[in-house]
Amino acid sequence: MCGIIGYTGVLPAKDILIDGLERLEYRGYDSAGIALLEDNNIILKKKTGKVAGLREAAGDIKSDSACGIGHTRWATHGGVTDINAHPHKCGQVALIHNGIIENYRELIVEYGLNEKLVSETDTEVVAALLDKLYEGDPVCAIRKAVKRLAGSFALCIMFADKPGKIYAVRNVSPMIAASCDEGSIIASDLTAVIAFSKKYFVVPEYHILTLDKNGIKVEDLKGNVVTPEILEVNWDITSAQKGGYPHYMLKEIYDQPEALRNTVTPRVKDGLPYLLDDGIPDDIFKEFQNIMVVACGTAMHAGMVGKALIEKKLRIPVTVEIASEFRYKDPIIDEKTLTIVLSQSGETIDTLEALKLAQKKGSKVLSIVNVKGSTIARESDYVLYTHAGPEIAVASTKAYTVQVAAMYILACKTGLERGIMDEASARDFMAKLMNAGEIIEETLKNANNIKLIAEEIKMAPDVFYIGRGLDYTMSLEASLKLKEISYIHAEAYAAGELKHGTIALITENVPVIAIATQEDVYSKVISNIREVKSRGAYVVLVSEDDEINDSNICDRQIKIPHLEGEFTAFATAAVLQLIAYYTSASKGLDVDKPRNLAKSVTVE
Ligand code: M6R
């Protein structure tokens, strides 16, 4: 949460920072600000609202300083005001921060900082502390300050009397850096850096960076110089642009066929699942007795789809836990459990902490991660990278379907290694999985029909999604998607469970989106649909059925391609994503940046 960027080099920094903030805006968009370092002076501009507002406000800055820092905020401490926006300046120091300083109150008292503070933020306390500790040597002051900070932080700091220099340090909160011909750049993630360099490094925790136009020095807290491992990204700036679509979310929905092919194809050899190139040995699939899936939000829903498949096909027990709950419940796992962690960003703090707990309890952790070199990827015993490319819209779409595909690969590999699936059935399964991209392409042809349905439900205060088995797990994700971007209250219900209470909420014209793609429970779902229909619900049926002309069953139909069992998940996902997208877009909402949210959740 919060996007940070710093640039020092040979080009004017102002536009580089603001362009970078626009790319990082998905990390938080309550307010934004920049600070430029020029002639022993720090020029500050900050503004509540989106980066576009900052760009306008910064129009009056005439400086062509080539050194500055910028921030886009997701508020934690202190309301959304200009004063609370970053950068924070105190005396000689200006800084930006992503994370939470847990002991900021103690620091205020211990160092008598109160008089220096004008905002309500924990961040400003760090600026004040650094200003107090600063005696001309920035690294020395940072070293002393960092030893006193409790919590998570990624900090970029400028000192008024150190022209052309940016200092940075982090604990937990992500930060990457790169140097190139135009100078040195540091940011929360690659989207802000990729325009300059495809090569970068992950800032090591508790190391102090000194950036200037000639490069980046990295040293540990004892002053030893360190050479970080250079990584290279396999996508370019065009992947992080809208590419002609009105919103990133729509583009990312349409990116899914390619994302799926990129994720699945490299994991297939001679038609069978193959993970040795990912450094995942075959043996681990034979050893565990049960699986624990840990993740948050959409990633957790992808895990639930995996559970539905693994339990049904392989008869191996799978538990899915919300990471923030897992952490505090003394989970029942040991070395016989394989923990699968899912995270698009690889930075979600609750998921990261859950991972560490699982390892502490003796469980091996295999993570399914989209962002290369992210913290979760680095901390895991094994990583299966999804290759969705950058996902910019806050609402996750392509990251979800590739996570589902990754779960399917793991399921097939487990089945094969344990002899539960023979080679022929594993080949057949992988061939179908390789076709997942085409399934989505085919399904997306329904977009116009779905758009009309979205128009019909967009003013409803409540929407219910119902399904059974796999379709119930799809409903959970669908309702999250609708809620987060259209602000309509939506709930997912196991279709058979409705009549145990919730059906009381079904009255005339309440939209119920019923998913009925699974043959074994199809007739049961249809019965449940009749129950809501007879209470006046407006029913949208998602199924493989040809036209149903029965107003006792549904008002609208969305047909998905005819598919076997678990492979309907890809088609259903695309339909449900489009319903949410068009509902939000037709309400004129900010689809890509829904209120109160941020893309990467790095606070607990
Ligand atoms: O980066 P992660 O996959 O760990 O993020 C987990 C959730 O915050 C995320 O899936 C969230 O629920 C989605 N943005 C919702 O669309």
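If you're wondering where the values come from, they're calculated on a predicted model, not measured in any experiment.

### Brief notes about the domain arrangement of the protein chain
A common way to report how large an interface is uses the accessible area buried once the components associate. Segmenting the protein chain into domains produces domain 1 (3-233), domain 2 (240-434) and domain 3 (445-586). Computed over C-alpha atoms, the centres of domain 1 and domain 2 are 33 Å apart. Contacts between the two partners involve 10 residues from domain 1, matched on the other side by 12 residues from domain 2. When domain 1 packs against domain 2, close to 910 Å² is buried across both sides, 63% of that on carbon and sulfur atoms. Where domain 1 meets domain 2, there are zero salt bridges.

### Some thoughts on the environment of Ala52
Within the fold, Ala52 resides in helix α2 (residues 51-57). Among the residues examined, Ala52 registers a relative accessible area of 48% and is labelled partly exposed. Taking the C-alpha atoms as reference points, Ala52 and Leu21, 31 residues apart in sequence, are found 9.6 Å from one another.

### Considerations on the nonpolar core
A general tendency of soluble globular proteins is for nonpolar side chains to be buried together. Membership of the largest hydrophobic core comes to 128 residues, with the highest contact counts inside it found for Leu366, Tyr408, Leu433 and Phe570. Among residues more than four places away in sequence, those in contact with Phe570 are Leu260, Thr401, Val404, Ala405, Tyr408, Leu433, Ala436, Ile439 and Ile440. If you look at the next biggest cluster of nonpolar residues, it comprises 31 residues, including Ala127, Leu130, Ala141 and Phe153.

### Some thoughts on the sheet that holds strand β1 (residues 3-9)
One open sheet accounts for eight strands, arranged β3-β2-β4-β1-β10-β9-β11-β14; its pairing is antiparallel. The open sheet terminates on both sides in strands that have one partner only, identified here as β3 (41-48) and β14 (231-232). Here strand β11 (residues 199-202) runs beside β14; their pairing, made up of two bridges, is antiparallel. Pairing of Tyr200 across the sheet is with Leu231, part of β14. Contacts between helix α1 (residues 13-24) and the sheet are confined to β1, β2 (31-38), β4 (67-73) and β10 (183-187), with β1 contributing the most and set at about 155° to the helix.

### Regarding empty space enclosed by the protein
Here the structure, examined in full by the defined rule, presents three cavities of 30 Å³ or more. By volume, the largest cavity amounts to about 70 Å³. Lining the largest cavity, in full, are Cys2, Arg73, Trp74, Thr76, His77, His86, His97, Asn98, Gly99, Thr121, Asp122 and Thr123. Elements represented by at least two residues in the lining of the largest cavity include exactly β6 (93-101) and α4 (122-133).

### Description of helix α12 (residues 398-417)
An ideal rise of 1.5 Å per residue puts 28 Å on 20 residues; α12 measures up with 29 Å between its terminal C-alpha atoms. In the stretch just after α12, Gly419 is the one whose phi turns positive, near 75°.

### Digging into the packing of aromatic side chains
Taken as a whole and judged by the stated rule, the model has 10 aromatic pairs. Between Tyr134 and Phe159 the ring centres are 4.4 Å apart and the planes differ by 40°, which places this aromatic pair in the tilted class. Here Tyr134 is found in the loop between α4 and α5 (138-148), whereas its partner Phe159 is found in strand β7 (residues 151-159), with 25 residues between them in sequence. Assigned by exposure class, Tyr134 and Phe159 land together as buried. Ring centres of Phe153 and Tyr206 lie 5.9 Å apart, and the angle between their planes is 85°; this geometry places the pair in the edge-to-face category. Taken together, the residues Phe153 in strand β7 and Tyr206 in the loop between β11 and β12 (207-212) connect sequence positions 53 residues apart.

### What about the site of the ligand?
The immediate surroundings of the ligand are formed by 14 residues, with Ser343, Gln344, Ser345, Thr348 and Glu484 found nearest. The side chain of Ser343 places a nitrogen or oxygen atom 2.6 Å from an oxygen atom of the ligand. For the ligand, whose unbound accessible area comes to 410 Å², protein coverage reaches 89%. Put simply, the parts of the chain that give the shell around the ligand at least two residues each are α8 (297-314) and α16 (470-486). Among the elements that take part in the shell around the ligand, α8 stands out by supplying three residues, more than any other.

### Side note on the packing of helix α3 (residues 104-111) against α4
For any two helices packed against each other, one specifies the inter-axial angle together with the distance between the axes. Here α3 crosses α4 at 30°, and the two axes come no closer than 9 Å. Between α3 and α4, the crossing angle belongs to the class labelled roughly parallel. Crossing angle aside, the handedness with which α3 passes α4 is left-handed. From α3, Tyr104, Leu107, Ile108 and Tyr111 reach across to α4, where they touch Asp122, Val125, Leu129, Lys132 and Leu133. Looking at the contact of α3 with α4, its residues break down into seven nonpolar, no polar and two charged.

### A closer look at unusual backbone geometry
Cis geometry marks the peptide bond from His86 to Pro87; its omega dihedral reads 0°. Tracing the sequence through the fold places Pro87 in the loop between β4 and β5 (88-90). Notably, Val172 is not glycine yet its phi reads approximately 65°, a positive angle. Following the sequence through the fold, Val172 ends up in the loop between β8 (166-171) and β9 (176-180). A positive phi angle is found at Tyr487, which is not glycine, with a value near 60°. Classification of Tyr487 by relative accessible area gives partly exposed; the value is 26%.

### Quick look at the sheet that holds strand β23 (residues 489-494)
Strand pairing in a sheet relies on backbone hydrogen bonds, with the paired strands running either antiparallel or parallel. With respect to topology, five strands assemble into an open sheet ordered β23-β22-β24-β25-β26, the strand pairing being parallel. The open sheet has two edge strands, β23 and β26 (556-559), and neither has a second partner. Here the strands of the sheet are splayed against their neighbours by 20° on average, with no regard to which way each runs. Bridge analysis of strand β25 (residues 538-543) against β26 gives four bridges, and the strand direction is parallel.

### Focus: the environment of Ser380
Tracing the backbone through its elements, the reader meets Ser380 in the loop between α11 (375-379) and β21 (382-385). On the basis of relative accessibility, which here comes to 12%, the residue Ser380 falls in the buried class. Setting aside anything within four residues of it in sequence, one finds Ser380 in contact with Leu355, Gln359, Val365 and Ser367.

Reading the values: rules and limits
- Residues numbered from 1 in each chain as written.
- Predicted model: local features only at pLDDT ≥ 70, side-chain atom pairs only at ≥ 80, totals over all residues.
- Heavy atoms only, no water.
- Domains from an automatic or database assignment.
- Contact = heavy atoms within 4.5 Å.
- Buried area = accessible area lost by both parts, 1.4 Å probe.
- Salt bridge = Lys/Arg side-chain N within 4 Å of Asp/Glu carboxyl O.
- Helix = DSSP H or I, 4+ residues; strand = E, 2+ residues; numbered from the N terminus.
- Buried < 20%, exposed > 50% of the residue type's maximum accessible area, 1.4 Å probe, protein only.
- Core = buried A, V, L, I, M, F, W, Y, C linked by side-chain atoms within 4.5 Å.
- Pairing = 2+ DSSP bridges.
- Axes fitted to C-alpha atoms, helices over the stretch in contact; angles between N-to-C directions.
- 1 Å grid on protein atoms, 1.4 Å probe; cavity = no way out; pocket = protein on both sides within 12 Å on 5 of 7 lines; lining within 4 Å.
- Points joined across faces, edges and corners; volume = space filled by probe spheres on them.
- Expected span 1.5 Å × (residues − 1).
- Phe/Tyr/Trp six-rings, centres within 6.5 Å; stacked < 30°, edge-to-face > 60°.
- Near = heavy atom within 4 Å.
- Polar contact = N/O pair within 3.5 Å; in protein donor to acceptor, adjacent residues only side chain to side chain.
- Areas by Shrake-Rupley, 256 points an atom, 1.4 Å probe, with all protein chains shown as cover.
- Parallel < 35°, antiparallel > 145°, perpendicular 65-115°, else oblique.
- Left-handed = near helix turned anticlockwise from the far one by under 90°.
- Nonpolar A, V, L, I, M, F, W, Y, C, P; charged D, E, K, R; others polar.

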